[in-house]
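Listed below, chain by chain, are the residues.
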Amino acid sequence: MFDLSNCRFAFLDLETTGLSPWFGDRICKVAVVLTEGKRIKATHQQLVDPGRPLSPAAAGTNRLTDAELRGQPLFADLAGELENCLADAVVVTHNARFDMQFLDSEFRRLGHEVQFPNLIDTLLVARHFFDLPSYTLAALAEAFHLPVDEPHRALSDALAVKNLFFEMMEAVKPAGNTLDDVIGLYNSPAWPDNGVQLPTELDEILASRG
């Protein structure tokens, strides 16, 4: 059984050049917050040269520019360090399938397949345990009265995921739910059977129009 108080967590957030690695979009920023239980042990943030331009929508969301990214380390330069950061940790991210499809694509470009045996998606946890009008990270932070310093900035969002995760775990504890109840397994995916996984905000907008 996982012990929440001293488990090693890696809270992950990515910025990308667009919506889909299956159509050539790449990671352009990585942030990881490493904790032991709630205690932050280290934070990592790195811009990445994606080798392609940002889409206008991505640039408007993450407020990065092509000039900022040009000449930054390539994903290949930080892949080993990133994998070490995530190894032997419970990886926690919001809308995991979106981030994981990008990580999967980047590692596959390097001829390497990654697997995360312990993965928690705060989006799925929120949808499962809480009845709320929206499940975007910003909406959930507001619902749980949590600050988000700079929305859609990788390190700020990774810290927001950390705070949200622990708040949700406290909220579900009286019902007898434990970390084991929210942890999931992840295996490197092939082309998604049900289409491209979208950011939560866009997914909710499209669903509301359907």
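Structure: see above.
All values reported here derive from a predicted model rather than from experimental measurement.

## Side note on the overall build of the protein chain
Helix and strand content of the protein chain: nine helices and six strands. For the protein chain, with 210 residues in total, the buried portion stands at 49%. For the protein chain, contacts bridging at least 24 residues in sequence account for 72% of all contacts bridging at least 6. As presented, the protein chain carries roughly 10,400 Å² of accessible surface, and 52% of it is formed by carbon and sulfur atoms.

## A few points about the side chain of Thr-122
Along the polypeptide, Thr-122 turns up in helix 5 (residues 122–129). Given the relative accessible area of 0%, Thr-122 is considered buried. A polar contact of 2.8 Å, which involves the side chain of Thr-122, links it to the side chain of His-94.

## Describing the nonpolar core
Grouped together as the largest cluster of nonpolar side chains are 31 residues, with contacts concentrated most on Phe-9, Phe-11, Val-92, Ile-120, Phe-165 and Leu-179. Per element, the largest residue contribution to this core is ten residues, and it comes from helix 7 (residues 154–172). Among the nonpolar cores identified, the runner-up in size contains 25 residues, and Val-30, Ala-79, Ala-96 and Phe-98 belong to it.

## Let's talk about helix 3 (residues 75–86)
Because an α-helix packs 3.6 residues into every turn, residues spaced three or four apart end up facing the same way. Taken together, the buried positions of helix 3 are occupied by Phe-75, Leu-78, Ala-79, Leu-82, Cys-85 and Leu-86. End-on, the buried residues of helix 3 take up no more than an arc of 135 degrees, which puts them together on one face. Facing away from the buried side of helix 3 by over 90 degrees, the exposed positions are Asp-77, Glu-81 and Asn-84. As for helix 3, its buried residues are in contact with strand 1 (8–16), strand 2 (27–36), strand 3 (39–47), strand 4 (90–93), helix 4 (96–109) and strand 5 (116–121). Positive backbone phi, at 60 degrees, marks Asp-88, one or two positions downstream of helix 3.

## Some points on the packing of aromatic side chains
Here the structure, examined in full by the defined rule, presents nine aromatic pairs. Taking the centre distance of 5.1 Å and the plane angle of 55 degrees together, the rings of Phe-98 and Phe-102 count as tilted. Taken together, the residues Phe-98 and Phe-102, both in helix 4 and four residues apart, mark about one turn of the helix. Ring centres of Phe-130 and Phe-144 lie 5.3 Å apart, and the angle between their planes is 90 degrees; on these two criteria the pair is classed as edge-to-face.

## Details of the environment of Gln-46
Looking at where Gln-46 falls in the secondary structure, it is placed in strand 3. Exposure remark for Gln-46: the relative accessible area of 29% places this residue in the partly exposed category. For the pair Gln-46 and Leu-78, spaced 32 residues apart in the sequence, the C-alpha separation amounts to 8.7 Å. With sequence-adjacent residues up to four places away left out, Gln-46 is seen in contact with Cys-28, Lys-29, Val-30, Gln-72, Pro-73 and Leu-78.

## What to know about the packing of helix 3 against helix 4
Two elements in contact, helix 3 and helix 4, have axes separated by 11 Å at closest approach and are oriented at 125 degrees. Between helix 3 and helix 4, the crossing angle belongs to the class labelled oblique. Two packed elements cross with a definite hand, and for helix 3 against helix 4 that hand is left-handed. On the side of helix 3, the interface is formed by Phe-75, Ala-79, Leu-82, Glu-83 and Leu-86, while helix 4 contributes Leu-103, Glu-106 and Phe-107.

## Observations regarding the pairing of strand 1
Residues in a regular strand point their side chains to alternate faces of the sheet. Strand 1 sits mainly inside the fold: eight of its nine residues count as buried. Strand direction decides the pairing type here: strand 1 and strand 2, joined by nine bridges, are antiparallel. Note on strand 2: the bridge partner recorded for Arg-8 is Glu-36.

Rules and cut-offs
Residues numbered from 1 in each chain as written. Predicted model: local features only at pLDDT ≥ 70, side-chain atom pairs only at ≥ 80, totals over all residues. Heavy atoms only, no water. Helix = DSSP H or I, 4+ residues; strand = E, 2+ residues; numbered from the N terminus. Buried < 20%, exposed > 50% of the residue type's maximum accessible area, 1.4 Å probe, protein only. Contact = heavy atoms within 4.5 Å. Areas by Shrake-Rupley, 256 points an atom, 1.4 Å probe, with all protein chains shown as cover. Polar contact = N/O pair within 3.5 Å; in protein donor to acceptor, adjacent residues only side chain to side chain. Core = buried A, V, L, I, M, F, W, Y, C linked by side-chain atoms within 4.5 Å. Arc of directions from axis to C-beta. Phe/Tyr/Trp six-rings, centres within 6.5 Å; stacked < 30°, edge-to-face > 60°. Axes fitted to C-alpha atoms, helices over the stretch in contact; angles between N-to-C directions. Parallel < 35°, antiparallel > 145°, perpendicular 65-115°, else oblique. Left-handed = near helix turned anticlockwise from the far one by under 90°. Pairing = 2+ DSSP bridges.

By themselves, these are just geometric observations and shouldn't be taken as functional.
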